[in-house]
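Residues per chain are reported as follows:
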Amino acid sequence: MIRAYTIASGKGGTGKTTVTANLGTALAQYGRETCIVDTDMGMANLGLILGLEETPVTLHEVLAGKAQIRDAMYEGPYGLKIVPSGLSLQGFQSADPERLKDVMRDLTDRCDFLLLDAPAGIDTDAVIPLSVADEVLLIVNPEISSLIDALKIKILTEMIGGRVGGAVLNRTTLDSADMSKRQIEKVLGVRIIDTIPEDANVRRASAARTPVVVKYPGSESSKAFRRIAAEIAGLPIEEEPEAVQEGFIERLARTLFRRGS
Ligand SMILES: Nc1ncnc2c1ncn2[C@@H]1O[C@H](COP(=O)(O)OP(=O)(O)OP(=O)(O)O)[C@@H](O)[C@H]1O
Ligand SMILES: [Mg+2]
């Protein structure tokens, strides 16, 4: 079974961090032990959009050999485990991305699903995450520049012995300038698992530092995130948002439980 996915795109701003946070939360809502990791160590923002405030130990310290991965895991909604990266440039400089390979075994032992939020570009810190997961999931926007960059990542992944499992088409609109799903699949040569529409609720939720699947569970983007999570977890698709509302006790427990183990 595929358990570790790297969420990548090549181009910046396609929605990698948004997909990692929301797909991870949706998997946790379905009761799957899920861990999401911010491997965008230079421009870390996975922890920020999930409302993590105090993160004294992060992936930076783990990859610098100064801390264990369990000390860099924090608890998010529905028991989601989050490994943030630090915000300091000094921390980024001390982190050795090559150590990510060693950290992976420890992480996969601790969860059913593991999602790595990859950086944009093709620098070393962006290339390493492409080879350490079981599969790479490409996040593509319906425009030529995003498609070409995703294709580069696909080629690069295969060159270094990784595997691209599929793509997610994010931020689709009804605009006729949008490239079609069929066109993108043909150029990319991988299946588009699902489509996430442009949805203003995504940014509203991110401003509230909460995943859209929690803040606006009935929105079209949330439905798409749950469909993708259900497919990954091998579950029937559940359309009813009520089934995944976070209750008072879960919220309280999350406030009290500051750090995961
Ligand atoms: N489906 C969507 N609808 C509306 N806004 C979206 C959607 N997906 C992502 N966004 C917004 O697009 C912006 C970029 O998203 P995000 O940070 O997830 O991209 P990224 O690929 O991680 O970027 P980077 O390459 O800089 O790491 C954010 O403001 C996010 O809220
Ligand atoms: Mg990002």
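Each value, and the rule that gives it
Residues numbered from 1 in each chain as written. Chains lettered and ligands numbered in written order. Predicted model: local features only at pLDDT ≥ 70, side-chain atom pairs only at ≥ 80, totals over all residues. Helix = DSSP H or I, 4+ residues; strand = E, 2+ residues; numbered from the N terminus. Buried ≥ 20, exposed ≤ 12 C-beta atoms within 10 Å, placed from the backbone. Contact = placed C-beta atoms within 7 Å. Near = placed C-beta within 6 Å. Nonpolar A, V, L, I, M, F, W, Y, C, P; charged D, E, K, R; others polar. Axes fitted to C-alpha atoms, helices over the stretch in contact; angles between N-to-C directions. Parallel < 35°, antiparallel > 145°, perpendicular 65-115°, else oblique. Left-handed = near helix turned anticlockwise from the far one by under 90°. Core = buried A, V, L, I, M, F, W, Y, C linked by C-beta atoms within 7 Å. Pairing = 2+ DSSP bridges.

### Some remarks on the overall build of the protein
For the protein, the helix and strand inventory stands at 12 helices and 8 strands. Here the protein holds 261 residues, and 48% of them are scored as buried. Sequence separation of at least 24 residues holds for 75% of the intrachain contacts in the protein that already meet a minimum separation of 6.

### Overview of the environment of Ala95
Along the polypeptide, Ala95 turns up in the loop between helix H4 (89–94) and helix H5 (100–110). On the basis of neighbour counts, which here come to 24 C-beta atoms within 10 Å, the residue Ala95 falls in the buried class. For the pair Ala95 and Asp40, spaced 55 residues apart in sequence, the C-alpha to C-alpha distance is 12 Å. The contact partners of Ala95, leaving out residues within four places of it in the chain, are Met41, Leu59, His60, Leu63 and Ala64.

### Digging into the site of ligand 1
Neighbouring ligand 1 are 20 residues; Gly12, Gly15, Lys16, Thr17 and Thr18 lie closest to it. Looking at the shell around ligand 1, the elements with two or more residues in it are helix H1 (16–29), strand S7 (164–172) and helix H9 (200–207). Split by residue class, the shell around ligand 1 holds 4 nonpolar, 10 polar and 6 charged.

### Comments concerning the packing of H5 against helix H6 (residues 124–132)
H6 packs onto H5 with a crossing angle of 40 degrees between their chain directions and a minimal axis gap of 10 Å. Put simply, H5 runs oblique to H6. Helix-helix and strand crossings are classified by hand; for H5 and H6 the assignment is right-handed. Along the contact surface, H5 presents Leu100, Lys101 and Met104, while H6 presents Ile128, Pro129 and Val132. Within the contact of H5 with H6, the residues separate by chemical class into 5 nonpolar, no polar and 1 charged.

### A short note on the nonpolar core
By size, the foremost hydrophobic cluster in this structure holds 71 residues, and its most contacted members are Ile7 and Leu138. Sort the elements by how many residues they give to this core and H1 lands first, with 6 residues. Contact partners of Ile7, with chain neighbours within four places excluded, come to Lys16, Val19, Thr20, Leu115, Leu116, Asp117, Ala118, Leu137 and Ile139.

### Let's talk about the sheet that holds strand S4 (residues 81–83)
Taken in spatial order, the 8 strands of this open sheet run S3-S4-S2-S5-S1-S6-S7-S8, and their pairing is mixed. Each edge of the sheet is formed by a strand with only one pairing partner; in this case those strands are strand S3 (74–75) and strand S8 (192–197). In this sheet, S7 lies alongside strand S6 (residues 135–140) in parallel orientation, the contact comprising 5 bridges. Bridge pairing links Ile139 to Val168 in S7. Together, strand S1 (4–8), strand S2 (34–38), strand S5 (113–117), S6 and S7 form the strand contacts of H1, whose direction differs from that of S5 by roughly 165 degrees. Strands S6, S7 and S8 of the sheet are contacted by helix H8 (residues 181–188), whose axis makes an angle of about 135 degrees with S8.

### Section: the pairing of S1
Taken across its 5 residues, S1 has 4 buried, putting it largely inside the fold. Of the pairings in the sheet, the one linking S1 to S5 comprises 4 bridges and is parallel in character. Bridged to Tyr5 within S5 is Leu115. Where S1 lies against S6, 4 bridges are found, and the strand directions are parallel. Bridge assignment links Thr6 to a residue of S6, and that residue is Val136.

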